[in-house]
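One letter stands for each residue in the lines below.
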Amino acid sequence: MKPIPFVDKAIDDALLAGMPSFRLIHGKGTGMLRAGLTEYLHAHHNVDHIEIAPQNEGGYGATIVYVK
């Protein structure tokens, strides 16, 4: 899968800062961007797991990424 530079940088920044997770805002739209990001993040070696953000933090328009 082709690298996504902004997502990779966000993951690297979270790891360097010692953050256990961060919120990736992608919007709702048709859901295709979220689906592609989900596939990419599941395959990323520095991502532990992901989940849809709580409603008060973006709901289906954002993903919480937990790094290793």
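Structure first, text after, so check above.
Treat the numbers as computed from the prediction; the structure is a model and nothing was measured.

S.K.: How would you explain the overall build of the protein if you had to name every residue and give the values?
M.R.: When helices and strands are tallied, the protein shows 2 helices and 3 strands. For the protein, the N- to C-terminal ordering of α and β elements is α-β-α-β-β. Taking the principal axes of the C-alpha coordinates as reference, the protein spans close to 30 × 30 × 15 Å. Within the protein, contacts between residues separated by at least 24 positions form 55% of all contacts whose residues are at least 6 apart in sequence.

S.K.: Tell me about the nonpolar core, and please be specific about residues and values.
M.R.: One finds Val7, Ile11, Ala14, Phe22, Leu24, Leu37, Tyr40, Leu41, Val47, Ile50, Val65 and Val67 forming the largest nonpolar core, which totals 12 residues. Looking at this core, the elements with two or more residues in it are α1 (5-17), β1 (21-25), α2 (32-43), β2 (47-52) and β3 (62-67). With residues up to four places along the chain from it excluded, the contact list for Val7 reads Leu24, Leu37, Tyr40 and Leu41.

S.K.: Pulling in residues and values, what's your account of the sheet that holds β3?
M.R.: Within a beta sheet, neighbouring strands are joined by backbone hydrogen bonds and run either parallel or antiparallel to one another. Reading across from one edge, β1-β3-β2 is the order of the 3 strands in this open sheet, with antiparallel pairing throughout. The open sheet terminates on both sides in strands that have one partner only, identified here as β1 and β2. Direction aside, neighbouring strands of the sheet carry axes that sit 25° apart on average. Sheet topology places β2 next to β3; 5 bridges connect them, and they run antiparallel. Each residue of the ladder has a partner; that of Val47, found in β3, is Val67. Across the sheet, α1 lies against β1, β2 and β3, angled at about 160° from β1, the strand it touches most.

S.K.: With reference to specific residues and values, describe the side chain of Asp8.
M.R.: Here Asp8 lies in helix α1. One buried charge, Asp8, has no salt-bridge partner; the nearest side chain with opposite charge is Lys2, at 11 Å. There is a polar contact of 2.6 Å between the side chain of Asp8 and the side chain of Tyr40. With residues near it in sequence (within four places) discarded, Asp8 still touches Pro3, Tyr40 and His44.

About the cut-offs
Residues numbered from 1 in each chain as written. Predicted model: local features only at pLDDT ≥ 70, side-chain atom pairs only at ≥ 80, totals over all residues. Heavy atoms only, no water. Helix = DSSP H or I, 4+ residues; strand = E, 2+ residues; numbered from the N terminus. Contact = heavy atoms within 4.5 Å. Core = buried A, V, L, I, M, F, W, Y, C linked by side-chain atoms within 4.5 Å. Buried < 20%, exposed > 50% of the residue type's maximum accessible area, 1.4 Å probe, protein only. Pairing = 2+ DSSP bridges. Axes fitted to C-alpha atoms, helices over the stretch in contact; angles between N-to-C directions. Lys, Arg positive; Asp, Glu negative; His and termini not counted. Salt bridge = Lys/Arg side-chain N within 4 Å of Asp/Glu carboxyl O. Polar contact = N/O pair within 3.5 Å; in protein donor to acceptor, adjacent residues only side chain to side chain.

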